[in-house]
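Analysis of the macromolecular model
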Amino acid sequence: MKEQLAKIRAEALAAFEAAQDSAALDALRVQYLGKKGELTAVLKMMGKLSPEERPAMGQLANEVRAALESALEQQGRKLEAQALTARLQAEAVDVTVPGKKVSIGHQHPMYIALDEIKDIFIGMGFDVLDGPEIELASYNFDRLNAEEGHPSRDWSDTFYFDEDSRVMLRSQTSPMQVRAMETRELPIRIIAPGRVYRKDEVDATHSPMFHQVEGMVIDKGVTMADLKGTLNTVVEQLYGKGTKTRFRPHHFPFTEPSCEMDVQCHKCGGVGCPTCKGEGWIELLGAGMIHPKVLEMSGIDPNVYSGWAFGVGLERTAMRRFKIADLRLIFENDMRFLEQF
Ligand code: PHE
């Protein structure tokens, strides 16, 4: 039995030392010290010894057990330390590797132009409103004095959602005039930028989706002179001092009188060139004095209050601002184009 214990001790210690990882070591623990382990098996035979032999053998067995346990613990710690070192080496970060370049984006040119427009109007005391793109025809047309049968209500021009032509994608930001009159206290000074939709084919100057900025003022004693003065100020701030404008008579159902405003061509300075199609002027926006019927329909007394409104195409404004020749460039999101702004 003595030899058996000595053999187990020698074998076990050698095996522990040879263990490569903690799983292997654990298996060895079971093999030697477990319930069905080799040492346990020897201890179970103690009962067969004579009473004289037992104490000495018992002591020896305990010594072997203590030796194995301490060797196990030592080897366990050694393996843990090795594993940690290996992991630290594997996960080491090489701080000398050159970093990856992070490319930072920037605002789209059209939104740069919009922010400039917003800044100018906010500086003049206007609020900026947001409104729905899915709009009721009553806001887009009826309450803007465009009655049944008005050509702009035609299915060939407008995206409707229902057979009765009641719900639509707004074709202009002008319904925001009605929404502002409905929800705001007088006097009103607002702009309302946003997307609008028309059944247009895509070309260098058209897109079925584009952006407008609506502007509106309602107060006592507001005149066409205020409209012209405000728009001239905006144009000069946007396009530079001395930029000339001209106002031409026009027709919109919701303004009376109505006009269109042109800016002098930035390319030729008014002489006439391909950019302005030989006109010397480029059409920028529609505007006018709010029709008394439109005020009345929204519960504002046209005998006390008057107002003006305008609607400007945002793409067109950005194109002029950044000298962009083709509207499609604004929507294509080609990085080579966008990176220039
Ligand atoms: N809504 C008109 C358009 O889309 C523009 C406009 C707005 C005209 C406000 C007059 C007043 O063409």
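It should be noted that the structure appears before, not after, this text.
Just so you know, these numbers come straight off a predicted model, no measurement behind them. (Residues numbered from 1 in each chain as written. Predicted model: local features only at pLDDT ≥ 70, side-chain atom pairs only at ≥ 80, totals over all residues. Heavy atoms only, no water.)

1. Describing the site of the ligand
The immediate surroundings of the ligand are formed by 14 residues, with Gln172, Ser174, Arg198, Gln212 and Gly311 found nearest. Between the ligand and the protein, one listed contact pairs a nitrogen atom with a side-chain N or O atom of Gln172 at 2.8 Å. Summarising the interface, the protein chains cover 91% of the accessible area of the ligand, which totals 330 Å² for the free molecule. When contributions to the shell around the ligand are tallied by element, the ones reaching two or more residues are strand S5 (209-219), strand S8 (281-290) and strand S9 (306-313). Looking at side-chain class alone, the shell around the ligand contains 5 nonpolar, 7 polar and 2 charged residues. (Near = heavy atom within 4 Å. Polar contact = N/O pair within 3.5 Å; in protein donor to acceptor, adjacent residues only side chain to side chain. Areas by Shrake-Rupley, 256 points an atom, 1.4 Å probe, with all protein chains shown as cover. Helix = DSSP H or I, 4+ residues; strand = E, 2+ residues; numbered from the N terminus. Nonpolar A, V, L, I, M, F, W, Y, C, P; charged D, E, K, R; others polar.)

2. Looking at the pattern of salt bridges
Using the criterion set out here, one finds 22 salt bridges in the structure. Measuring nitrogen to oxygen at the nearest pair gives 3.6 Å for the salt bridge that ties Asp164 to Arg166. Of the residues examined, Asp164 reaches a relative accessible area of 51% and is grouped as exposed. By relative accessible area, Arg166 is classed as exposed at 54%. As a salt-bridge pair, Glu260 and Arg248 come within 3.1 Å of each other at their nearest N and O atoms. On the criterion of sequence distance, the pair formed by Glu260 in strand S7 (residues 255-264) and Arg248 in strand S6 (residues 245-252) is long-range, its members being 12 residues apart. (Salt bridge = Lys/Arg side-chain N within 4 Å of Asp/Glu carboxyl O. Buried < 20%, exposed > 50% of the residue type's maximum accessible area, 1.4 Å probe, protein only.)

3. Notes on unusual backbone geometry
With an omega of -5°, the peptide bond running from Leu186 to Pro187 counts as cis. Within the secondary structure, Pro187 sits in the loop between helix H7 (175-183) and strand S4 (188-197). Omega for the bond connecting Glu256 with Pro257 falls within 30 degrees of zero, at -5°, which places this linkage in the cis form. Even without glycine at this site, Lys323 takes up a positive phi of about 55°. Take Lys323: it is sitting in the loop between helix H10 (314-322) and helix H11 (328-332).

4. A short note on H10
Of the residues making up H10, those classed as buried are Leu314, Glu315, Thr317, Ala318, Met319 and Arg320. Count one or two residues on from H10 and you reach Lys323, which has phi positive near 55°.

5. Observations regarding helix H8 (residues 224-239)
Its 16 residues place the ends of H8 22 Å apart at the C-alpha level, agreeing with the 22 Å of an ideal helix rising 1.5 Å per residue. For H8, the complete set of buried residues consists of Leu227, Thr230, Leu231, Val234, Val235, Leu238 and Tyr239. Seen along its axis, H8 keeps its buried residues to an arc of 135°; they face one direction. Among the exposed residues of H8, those oriented more than 90 degrees off its buried face are Ala225 and Gln237. Those residues of H8 hidden inside the fold are in contact with helix H5 (109-123), S6, S7, S8, S9 and H10. (Expected span 1.5 Å × (residues − 1). Arc of directions from axis to C-beta. Contact = heavy atoms within 4.5 Å.)

Note that every value here comes from positions in space, so none of it alone points to a role or purpose.
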